[in-house]
Amino acid sequence: MIRETVNLARRVTPDDLARPTPCAGWDLRDLLDHMTAQHHGFAAAAQGCGADPEHWKVTGGGYEEAAELVVAAFADVDDADRLFALPEFGTGRTFTARRAIGFHFLDHVVHGWDVAHTLGLPYDPGPDVLDIALPIARSVPDDGSRSAPGSPFAPALATSEDAAPLTRLLAVLGRSADAAC
């Protein structure tokens, strides 16, 4: 999935960077910077040094290189139960590699849609990807924290079980597939 976002990022022109995204308050440059920082942070976590907040800072640029870095770091993980430090979830918070990699996977399935939607491109990660992503999304607590300023997710939106899988996934995370950019 990460390499799919690289393919989308390759289609971005300098003129596109100021376009608003479905991520409230973020233009496409902000979103790509966030995605790049997440790649660096999760790669550091996979290498055992994710607790250092320096690895999670937005520095801009280098999306493709950061994507390859995290793919390589994840490929070196040989124990699904090894703990990853993820300070974005709170100081001292750790998660198993399985769960942390799932978080990153979900983030990039959704941010892939954000980028494609912003560029007016079709986006279909496929049923296998969505079948994996939806339970991860459903595991995100849907409580009052989603209404807090700066929350990465809004309260879940109602949708029918017969809605398209991508529509259901986005709705679980408080996003509408019909969002305007």
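Relevant structure appears above.
This text gives an overview of the structure that appears in the document. Computed from a predicted structure; not experimentally measured. (Residues numbered from 1 in each chain as written. Predicted model: local features only at pLDDT ≥ 70, side-chain atom pairs only at ≥ 80, totals over all residues. Heavy atoms only, no water.)

### Here we look at the overall build of the protein chain
Secondary structure assignment for the protein chain yields six helices and two strands. The secondary structure elements of the protein chain, listed N-terminal to C-terminal, are α-α-α-β-β-α-α-α. When the backbone C-alpha atoms are referred to their principal axes, the protein chain occupies close to 40 × 35 × 35 Å. For the protein chain, long-range pairs separated by at least 24 residues make up 61% of all intrachain contacts whose partners lie at least 6 apart in sequence. (Helix = DSSP H or I, 4+ residues; strand = E, 2+ residues; numbered from the N terminus. Contact = heavy atoms within 4.5 Å.)

### Describing the side chain of histidine 104
Inspection of the secondary structure puts histidine 104 in helix H4 (residues 97-119). The buried category is assigned to histidine 104, whose relative accessible area is 0%. Reaching out from histidine 104, the side chain makes a polar contact with the side chain of histidine 39 at a distance of 2.9 Å. Setting aside chain neighbours within four positions, we find histidine 104 in contact with Ile2, Gln38, His39, Phe42, Val70 and Phe74. (Buried < 20%, exposed > 50% of the residue type's maximum accessible area, 1.4 Å probe, protein only. Polar contact = N/O pair within 3.5 Å; in protein donor to acceptor, adjacent residues only side chain to side chain.)

### Points about the pattern of salt bridges
This model, assessed by the stated rule, comprises nine salt bridges. Note that glutamate 68 is salt-bridged to arginine 3, the shortest N-O span being 2.9 Å. A residue pair is termed long-range when its members are at least 10 positions apart, and glutamate 68 in helix H3 (residues 63-75) and arginine 3 in helix H1 (residues 2-9) qualify at 65 residues. When its relative accessible area of 35% is taken as the criterion, glutamate 68 is described as partly exposed. Here arginine 3 falls in the partly exposed class, since its relative accessible area comes to 47%. (Salt bridge = Lys/Arg side-chain N within 4 Å of Asp/Glu carboxyl O.)

### A look at the packing of aromatic side chains
All chains considered together, the criterion is met by three aromatic pairs. With centroids separated by 5.2 Å and ring planes inclined at 75°, the aromatic side chains of phenylalanine 95 and phenylalanine 103 adopt a geometry described as edge-to-face. A single burial state applies to phenylalanine 95 and to phenylalanine 103, both of which are buried. (Phe/Tyr/Trp six-rings, centres within 6.5 Å; stacked < 30°, edge-to-face > 60°.)

### Observations concerning the nonpolar core
If you look at the biggest cluster of nonpolar residues, it comprises 50 residues, and the most contacted ones within it are Phe84, Leu86 and Leu169. Of all the secondary structure elements, the ones that give two or more residues to this core are H1, helix H2 (28-46), H3, H4, helix H5 (127-138) and helix H6 (165-172). In terms of residue count, the dominant contributor to this core is H4 (11 residues). Contacts of leucine 86, omitting those with residues within four sequence positions, involve Phe42, Ala45, Trp56, Arg93, Phe95, Ala100 and Phe103. (Core = buried A, V, L, I, M, F, W, Y, C linked by side-chain atoms within 4.5 Å.)

Coordinates in, geometry out; function isn't part of it.
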